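# Observations on the model geometry
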Amino acid sequence: MQRKFYETQKLRFQGFRFPKDRETDLTPLIADKPVPQADTVVLYSCKGTANKGRKRYRRSGQTASIYRSESLGGDQIGTLVHTIGTKQGPVFYDSIPNQKAETIYPILGKYNPHHGPLFTDMGYRGFPSMNHRMVNHSRKSSDKRYKWARNRWSKNGVHCNVAEGKNGILKRSFSSYVWINPKHSNLYLQEYAFNANLRHFDLGDLLPEESNPNPAPVYQMDDNWAMRGRVSKVLPKQDSNLRHGD
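Just so it is clear, the model here is predicted, and its values are computed rather than measured. (Residues numbered from 1 in each chain as written. Predicted model: local features only at pLDDT ≥ 70, side-chain atom pairs only at ≥ 80, totals over all residues. Heavy atoms only, no water.)

### Focus on the packing of aromatic side chains
Here the structure, examined in full by the defined rule, presents 10 aromatic pairs. Summarising the aromatic geometry, the rings of Phe-18 and Phe-119 are spaced 6.0 Å apart at their centres and angled 15° between planes, so their arrangement reads as stacked. Of the two residues, Phe-18 is situated in the loop between α1 (2–12) and β1 (37–43) and Phe-119 in strand β4 (residues 118–121); the sequence distance between them amounts to 101 residues. As far as the burial class goes, Phe-18 and Phe-119 line up, both buried. Geometrically, the ring pair formed by Phe-174 and Tyr-192 is edge-to-face, given 5.8 Å between the ring centres and 75° between the ring planes. Taken together, the positions of Phe-174 in helix α4 (residues 161–174) and Tyr-192 in helix α5 (residues 185–197) put the pair 18 residues apart, joining distant regions of the chain. On the basis of relative accessibility, which here comes to 1%, the residue Phe-174 falls in the buried class. Put simply, the rings of Tyr-93, Phe-174, Tyr-177, Tyr-188 and Tyr-192 pair up and form one aromatic cluster. (Phe/Tyr/Trp six-rings, centres within 6.5 Å; stacked < 30°, edge-to-face > 60°. Helix = DSSP H or I, 4+ residues; strand = E, 2+ residues; numbered from the N terminus. Buried < 20%, exposed > 50% of the residue type's maximum accessible area, 1.4 Å probe, protein only.)

Right, dumping it as structure tokens:
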């Protein structure tokens with residue numbers, strides 16, 4: 001599924017470029033194009049009561065909500081998930097230990113060509129791609145009567161509503177588990193994504209070439225696809241990829 005999605009994005013957006021002016025309205029340009037969107041979400045966040053009143057000084061933001069205080073061992077009891085998907089299309093989830101660039105960028109490379117279009121929030125600031133556009137969810141209103149700007153969720157056609165919607169569905173689906181061990185979170189997420197994505201792939205897309213009666217053309221992938229293997233070097237191994245208690 002990863003390869004097919006990557007291949008589709010590469011062929012669909014071959015030679016595609018956003019205008020250099022980042023204030024240009026992209027709505028007519030992407031009207032019929034499902035642009036991938038990425039976001040992160042926390043499953044089973046660690047509340048203050050789990051820390052016995054002790055603060056997590058070494059962590060901040062979403063990462064802080066999945067780890068206990070260092071004075072209590074610092075083990076991970078929540079799950080941080082990276083989401084990438086398209087409107088009415090596939091979605092892929094990866095369990096991640098933090099939101100650092102060295103963690104996030106190789107994951108994006110598994111699913112989206114380097115210069116393929118991508119919509120995110122400001123948490124992905126610095127991602128090196130000419131077709132990357134962000135929406136600022138913290139944009140303040142210029143009108144003193146209001147705190148937040150009206151375009152903090154969507155501006156010039158750029159938004160993350162699809163990824164956030166996928167996150168909402170994921171959280172509701174995983175609520176039936178009550179809690180899962182972060183050590184096994186990638187297995188749960190991959191199984192869920194596989195079942196959710198079956199409607200978007202033909203059986204021929206998933207069969208090995210030798211057993212496929214009508215194999216699809218095999219396209220030469222670029223160096224970015226080959227770099228996907230580096231994710232295993234950046235992130236720890238599957239069976240112990242996240243910190244957890246003994």
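Picking up after the structure, the text goes on.
### Some remarks on the layout of surface pockets
What the second largest pocket holds in volume is close to 270 Å³. Lining the second largest pocket are 13 residues; nearest its centre among them are Ile-30, Ala-31, Lys-33, Pro-34 and Lys-87. For the lining of the second largest pocket, the residue count by class is 6 nonpolar, 5 polar and 2 charged. (1 Å grid on protein atoms, 1.4 Å probe; cavity = no way out; pocket = protein on both sides within 12 Å on 5 of 7 lines; lining within 4 Å. Points joined across faces, edges and corners; volume = space filled by probe spheres on them. Nonpolar A, V, L, I, M, F, W, Y, C, P; charged D, E, K, R; others polar.)

### A closer look at α5
The first and last C-alpha atoms of α5 sit 18 Å apart over 13 residues, in line with the 18 Å expected at 1.5 Å per residue. Within the sequence span of α5, burial applies to Ser-185, Asn-186, Leu-189, Ala-193 and Asn-197. Buried residues in α5, looked at end-on, bunch into an arc of 90°, giving them a common side. Elements that come into contact with the buried residues of α5 comprise β1, β2 (79–85), β3 (91–96) and α4. (Expected span 1.5 Å × (residues − 1). Arc of directions from axis to C-beta. Contact = heavy atoms within 4.5 Å.)

### Thoughts on the confidence of the model for the protein
When pLDDT drops low, the exact placement of atoms in the prediction is not to be read closely. When pLDDT is averaged across the protein, the result is 81; 84% of the residues are at 70 or more. Between residues 234–246, whose pLDDT stays under 50, and residues either more than four places distant or in other chains, the model counts 33 contacts. (pLDDT = per-residue confidence, 0-100.)

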